[in-house]
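Geometric and topological summary
The primary structure of each chain is shown beneath.
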Amino acid sequence: MKFIVSSTYLLKQLQVLGGVINSSNTLPILDNFLFELNDSQLTVSASDLETTMSSIIDVESTSTGSIALPARLLLDTLKTFPEQPLTFVAEDNNTVEISSSHGKYALAYVDGNEFPKAVALENPSTTTVMGDILATAISKTIFAAGNDDLRPVMSGVFFQFSTEGLTFVATDAHKLVKYTREDVAADQVAEFIMPKKPLNLLKGILAGSDDAVTIEYNDSNAKFTFENSVLICRLIDGKYPNYEAVIPKENPNKLTIDRTQFLNSVRRVSIFSNKTTHQIRLKIAGAELNISAEDIDYSNKAEERLTCDYQGDDMQIGFNSRFLTEMLNNLGASEVQLEMSLPNRAGILTPVDGLDEGERVTMLVMPVMLNS
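Just so it is clear, the model here is predicted, and its values are computed rather than measured. (Residues numbered from 1 in each chain as written. Predicted model: local features only at pLDDT ≥ 70, side-chain atom pairs only at ≥ 80, totals over all residues. Heavy atoms only, no water.)

**Concerning the overall build of the chain**
When helices and strands are counted, the chain shows six helices and 27 strands. Taking the principal axes of the C-alpha coordinates as reference, the chain spans close to 80 × 50 × 35 Å. The buried share among the 372 residues of the chain stands at 51%. A separation threshold of at least 6 residues defines the contact pool for the chain, and within that pool the share at least 24 residues apart is 66%. Distance from the positive charge centre (30 side chains) to the negative charge centre (49 side chains) of the chain: 7 Å. (Helix = DSSP H or I, 4+ residues; strand = E, 2+ residues; numbered from the N terminus. Buried < 20%, exposed > 50% of the residue type's maximum accessible area, 1.4 Å probe, protein only. Contact = heavy atoms within 4.5 Å. Lys, Arg positive; Asp, Glu negative; His and termini not counted. Charge placed at Lys NZ, Arg CZ, Asp CG, Glu CD.)

Structure follows, in structure tokens:
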């Protein structure tokens, strides 16, 4: 088999696929890219058994064949080339010769038939979403997913599709994010839990994309098809916790404040907080918000006062500053609202502005007990 391809075009495609490959694989074949050539269409795939991604690349060729090439070596080589055509020729002695305008390079290849085949989805359900909507949904939720191997269902993002809209939820039991789109709907009701790795890949590829993404899914796998790429991944098995039950419905105390000002204050004050609890205290009375932190072990303390718009009873509530910072960072609004009921009940953070039509974000942060 022989083909000619642009070096920068190939590198760009392979760098995306390289995100699938693990740094240490149990099967040596997974350290390779699979190249399947069919005349002028080259399909390149990468897999870690859980996630498989492939892209179709246009090349100049009249031959067919399939080989697996070492991913790391190929990427490191391509990164050093300026834009130029490269000629790949598979020789009989199990090496591929790459010719550039400067020289020749030979890499050992493995027979493509040894590469694990991607799963075929049997009678899947289908939904189509715009790429940028999917990328936004992922980036708004993925940061709140957990890392606990003992609770795998919480280590992914929960996709809930219905005829009314799409909902994406992530939680690690300390914080929860629910992102809803009412301007996009699915044909039928479906629920599945997507692992983080394929989501991070999709987020990177689809950011700002105006292509439609076709999502096919059954009980065990999901397949995302867009432009000239396909990503298939195994879903997380298990039942997602009933997140609606933890979102408090009655929240009479409402605080509205400038997001950037609040975020900067929390950041500054949290430097003085205890390094294990990261606890900060919010004390709200009238139109004044008092943010303070203290690390008794080192006699460090800080306090800041901000003006805010507040309706409700005077109250004191403690939060983990890292969770609060992450959430405020993830909102694009200029003003945010924090709704609370009691110091031991979760606070609900929502953006006041900056949302598209039909877009809704609800963030929930669990309080920490204050040492009075």
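**Brief notes about the pattern of salt bridges**
Between side chains of opposite charge, a pair can form when the charged atoms approach closely. Following the criterion strictly, the structure yields 14 salt bridges and no others. Note that Asp 76 is salt-bridged to Lys 79, the shortest N-O span being 3.9 Å. Of this pair, Asp 76 and Lys 79 are both found in helix α2 (residues 71–79), three residues apart, which corresponds to roughly one turn of the helix. Judged by relative accessible area, Lys 79 falls into the partly exposed class, the value being 45%. For the salt bridge of Lys 175 with Glu 326, the shortest nitrogen-to-oxygen distance reads 3.5 Å. With Lys 175 in strand β13 (residues 175–181) and Glu 326 in helix α6 (residues 321–330), this residue pair connects regions lying 151 residues apart in the sequence. Overall, the relative accessible area of 33% leaves Glu 326 in the partly exposed class. One continuous salt-bridge network, built from bridges that share partners, spans Arg 72, Asp 76 and Lys 79. (Salt bridge = Lys/Arg side-chain N within 4 Å of Asp/Glu carboxyl O.)

**A closer look at a negative patch on the surface**
A surface patch of negative charge is lined by Asp 132, Asp 210, Glu 227, Asp 356 and Glu 357. Given the relative accessible area of 34%, Asp 132 is considered partly exposed. (Patch = residues over 30% accessible without salt bridge, like charges linked within 9 Å, V, L, I, M, F, W, Y side chains within 5 Å. Areas by Shrake-Rupley, 256 points an atom, 1.4 Å probe, with all protein chains shown as cover.)

**Considerations on helix α1 (residues 7–18)**
Look at α1: 16 Å from first C-alpha to last across 12 residues, which is about the 16 Å you get at 1.5 Å a residue. Those residues of α1 that sit buried are Ser 7, Leu 10, Leu 11, Gln 13, Leu 14 and Leu 17. Contact partners of the buried residues in α1: β1 (2–6), β2 (32–38), β3 (41–47), β4 (51–58), α2 and β6 (85–90). (Expected span 1.5 Å × (residues − 1).)

**Remarks on the packing of helix α5 (residues 259–270) against α6**
The axes of two packed helices give the description: the angle between them and the distance between them. Here α5 crosses α6 at 155°, and the two axes come no closer than 10 Å. With respect to their mutual orientation, α5 and α6 come out roughly antiparallel. By crossing handedness, the relation of α5 to α6 is classed as left-handed. Along the contact surface, α5 presents Arg 259, Phe 262, Leu 263, Val 266, Arg 267 and Ser 270, while α6 presents Ser 321, Leu 324, Thr 325, Leu 328 and Asn 329. Tallied by class, residues from the contact of α5 with α6 come to five nonpolar, four polar and two charged. (Axes fitted to C-alpha atoms, helices over the stretch in contact; angles between N-to-C directions. Parallel < 35°, antiparallel > 145°, perpendicular 65-115°, else oblique. Left-handed = near helix turned anticlockwise from the far one by under 90°. Nonpolar A, V, L, I, M, F, W, Y, C, P; charged D, E, K, R; others polar.)

**Comments concerning the environment of Ser 23**
Topologically, Ser 23 is positioned in the loop between α1 and β2. Separated by 304 residues in sequence, Ser 23 and Met 327 have C-alpha atoms that sit 30 Å apart.

**Let's talk about the side chain of Thr 350**
Relative to the elements of secondary structure, Thr 350 occurs in strand β25 (residues 347–351). Leaving out residues up to four positions away in the same chain, Thr 350 has contacts with Val 336, Gln 337, Glu 339, Val 361 and Thr 362.

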